[in-house]
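Now for the letters of each chain:
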Amino acid sequence: MTLDWTFSFIELVDNRPKLQMVSSFRNGKAQLLATRNNFPEVIHQMESVITLLTYIAYFPNKDFTKIKLDTSGNHYAVHFLDKRYIDQGFLGIISVSEYDTPLTYDFWGIEEMMAEFVFDYYMDLKQSLENESFNISEFQSWLSTEIKEFFVEWYDAKKEFRNAQSDPEKQAYFKSNKHKKAKPFEQWWDLQLINEYGAPLTDMISFIDDSSFFVAEEAEQTNQSLESMSLSALKILIDQQGGWNIKYLKNRLNNEMGYSYTFFCKFTVRDIRYLLIMNSAIYDLQAETCLQAFRGNEFELLDLIASKIEHHTMFFTENGQLNVENKELIQQIILNYVGKVYK
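About the thresholds
- Counting restarts for each chain, with residues numbered from 1 along the sequence as it is written.
- Where local features are concerned, this predicted model is filtered to residues with pLDDT of at least 70; where side-chain atom pairs are given and counted, the filter is 80 or more; whole-chain, interface and lining totals use all residues.
- Calculation of side-chain values draws on the structure's entire complement of heavy atoms; hydrogens and water are dropped beforehand.
- Going along the chain from the N terminus, every DSSP run of H or I of four or more residues is numbered as a helix, and every run of E of two or more is numbered as a strand.
- Type-normalised accessible area, obtained with a 1.4 Å probe on protein chains alone, sets the label of each residue: buried when under 20%, exposed when over 50%, and partly exposed for intermediate values.
- Distance and chemistry together define a polar contact, namely a pair of N or O atoms within 3.5 Å, with one atom able to donate a hydrogen and the other to accept it when in protein, and with adjacent residues in sequence counting only for side-chain atoms on both sides.
- Residue contacts follow a heavy-atom distance rule, with two residues in contact if any of their heavy atoms lie within 4.5 Å.
- For every residue, the pLDDT score states the predictor's confidence, bounded by 0 at the bottom and 100 at the top.
- For this document, the term salt bridge refers to a Lys or Arg side-chain nitrogen within 4 Å of an Asp or Glu carboxyl oxygen.
- Helix axes are fitted only over the stretch in contact, all axes being lines through C-alpha atoms; the angle between N-to-C directions runs from 0 to 180 degrees.
- The scheme is simple: roughly parallel for angles under 35 degrees, roughly antiparallel for over 145, roughly perpendicular for 65 to 115, oblique for anything else.
- Two helices that cross are described as forming a left-handed crossing if the nearer one is turned anticlockwise from the farther one by less than a right angle, and a right-handed crossing if clockwise.
- Classes in brief: Ala, Val, Leu, Ile, Met, Phe, Trp, Tyr, Cys and Pro nonpolar; Asp, Glu, Lys and Arg charged; the others, Gly included, polar.
- If DSSP finds at least two bridges between two strands, the strands pair.
- Residue count minus one, scaled by 1.5 Å, sets the expected span of a helix.
- Our arc is simply the arc of the directions from the helix axis toward the C-beta atoms.

**Student:** Which parts of the structure should I look at to understand the side chain of D4?
**Tutor:** Mapped onto the secondary structure, D4 falls in strand β1 (residues 2-13). A residue is classified by how much of its surface remains accessible, and D4, at 11% relative accessible area, is buried. A distance of 2.8 Å separates the side chain of D4 from the side chain of R26, its partner in a polar contact. For D4, the residues in contact, after removing those within four places along its chain, are F25, R26, S95, V96, S97 and Y99.

Following this line, the structure appears as structure tokens:
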């Protein structure tokens, strides 16, 4: 088992990232400390990734806080964005990766709290120093002590999770724990089909549970399509990073309404690529907020819709468009499969 936690400390100058320090830990032990003066080659190697993550942090009309990567085999990889200090010219990122294990553990849920704790201390320390120089060695010593404790907590939690896999009752608990306080709750989701040129091919179809509706106002439809086009461009940009494939993006909603998740599904018809985009949220009717959780059937639903659409090659023109009649047929496929999968 290998667990890597990497903290990136980023200065923002005119909204442009300048990576100042990277502190990496493996299984709770300090692995690497890189600054612009110490191991600058590490800083240079990470700059393209940091630029992309900063772009996601500034993405318009979305407050993305987490990027889960779709990895092969038993490998878990995620980036958390701490954007609380952006107005003060600072962005903190913790990157988590677990591998070399038969069972990855992504249910701990403490990574964001850990990141905020670390970046809070870093900012408090920087601000308290005023004109004094920042002692990187002392900070790294403090961080190493804290990470050792966090790793012990993580390891104990993983052992409990691993033991639960052989106990059906405990296994069900882990799978449903995030939803225990969510009942009664509603499933909110929106779906739209985009072509590789960023053009929306269907209307945005919205659902509450398995009941569908379309936004009636033209202005709102336009805004939804523009958002989907922007997300499509973001997905293409991320794919160009190489070795990256997003599983989902976590988004903090406005007005303390909680969180939603954005999922993608790519497929190809006659050498033209298409993208299904889904926004999903679980609304707790009692707490009147959206949970930090999702049902998990979003991936199945997108795959089923994409697989069905792929069979209808004649729906699509050579330049990746749909005529009006076929647009209605594609939207009906989406409506039908949401009803099936939701049950």
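**Student:** Help me understand the confidence of the model for the chain in this model?
**Tutor:** Low-confidence regions, as indicated by low pLDDT, have predicted coordinates that should not be scrutinised in detail. Taken as a whole, the chain shows an average pLDDT of 87; of its residues, 90% reach a score of 70 or greater. Considering only residues more than four positions removed or in separate chains, one finds that residues 178-182, a stretch of pLDDT under 50, has 11 contacts.

**Student:** Before we go on, may I ask you to explain the side chain of K250 in this structure?
**Tutor:** Its location among the elements puts K250 in strand β10 (residues 246-252). Setting aside residues no more than four positions away along its own chain, K250 makes contact with D63, F64, T65, K66, E112, Y259, S260, Y261 and Q292.

**Student:** What am I meant to see in the pattern of salt bridges here?
**Tutor:** Two side chains bearing opposite charge may form a pair once their charged atoms approach each other closely. Evaluated as defined, the whole model comprises 12 salt bridges. Across the pair K68 and D106 runs a salt bridge whose closest N-O atoms are separated by 3.6 Å. In this pair, K68 sits in strand β4 (residues 64-69) while D106 sits in the loop between β6 (90-99) and α2 (111-129), placing the two residues 38 residues apart along the sequence. On the accessibility criterion, D106 (29% relative accessible area) is partly exposed. Here D203 makes a salt bridge to K327, at a shortest N to O gap of 3.0 Å. Taken together, the residues D203 in the loop between β7 (185-195) and β8 (205-208) and K327 in helix α7 (residues 324-342) connect sequence positions 124 residues apart. Residue classification places D203 among the partly exposed positions, given a relative accessible area of 26%. Shared partners join several salt bridges into a network, and the residues in it are D63, K83 and R252.

**Student:** For this particular structure, what's the right way to read the packing of α2 against helix α3 (residues 136-164)?
**Tutor:** Packed helix pairs are characterised by how far apart their axes lie and by the angle those axes make with each other. Running from N to C, α2 and α3 cross one another at 160°; their axes reach a closest spacing of 12 Å. Taken as axis vectors, α2 and α3 run roughly antiparallel relative to one another. Between α2 and α3 lies a crossing whose hand is right-handed. Counting all contacts with α2, which are made through M113, M114, F117, V118, Y121, Y122 and L125, the residues of α3 involved are F139, W142, L143, E146, I147 and F150. Of the residues in the contact of α2 with α3, the class split is 12 nonpolar, no polar and 1 charged.

**Student:** Could you clarify how one ought to interpret the pairing of β1 in this entry?
**Tutor:** Moving residue by residue along a regular strand, the side chains alternate between the two faces of the sheet. Burial runs high along β1: 10 of the 12 residues are buried. In this structure, β1 lies alongside β6, joined through 10 bridges in antiparallel fashion. Opposite T2, over in β6, you have Y99 as the bridge partner. Here β1 runs beside strand β2 (residues 16-26); their pairing, made up of 10 bridges, is antiparallel. Residue pairing in the sheet places D4 in a bridge with R26 of β2. Between β1 and β2, which pair antiparallel in sequence order, lie 2 residues; one of them, D14, sits at a positive phi of approximately 55°.

**Student:** When you look at α2 in this model, what are you seeing that I'm missing?
**Tutor:** Along an α-helix, residues three or four positions apart point the same way, because every turn accommodates 3.6 residues. Under the 1.5 Å per step criterion, the end-to-end length of α2 is 27 Å for 19 residues, consistent within 8% with the ideal 27 Å. Those residues of α2 lying buried are E111, M114, A115, V118, F119, Y122, M123 and L129. All buried residues of α2 fall inside an arc of 155° around its axis, so they share one side. Looking at the buried side of α2, the elements it contacts are β1, β2, β5 (76-82), β6 and α3. Within two residues after α2, E130 carries a phi angle of roughly 55°, on the positive side.

**Student:** Where do I start with the pairing of strand β3 (residues 29-35) in this structure?
**Tutor:** Examined bridge by bridge, β2 and β3 share 6 bridges and lie antiparallel to one another. Directly across from S23, in β3, lies its bridge partner L33. Taking the residues between adjacent antiparallel strands as the criterion, β2 and β3 are bridged by 2 residues, where N27 takes a positive phi near 50°.

**Student:** Which parts of the structure should I look at to understand the environment of K327?
**Tutor:** The class of K327 is partly exposed, set by a relative accessible area of 22%. Between the alpha carbons of K327 and G258 there is a distance of 33 Å; along the sequence they are 69 residues apart. Every residue in contact with K327, bar those within four places of it in the chain, is listed here: L201, T202, D203 and L322.

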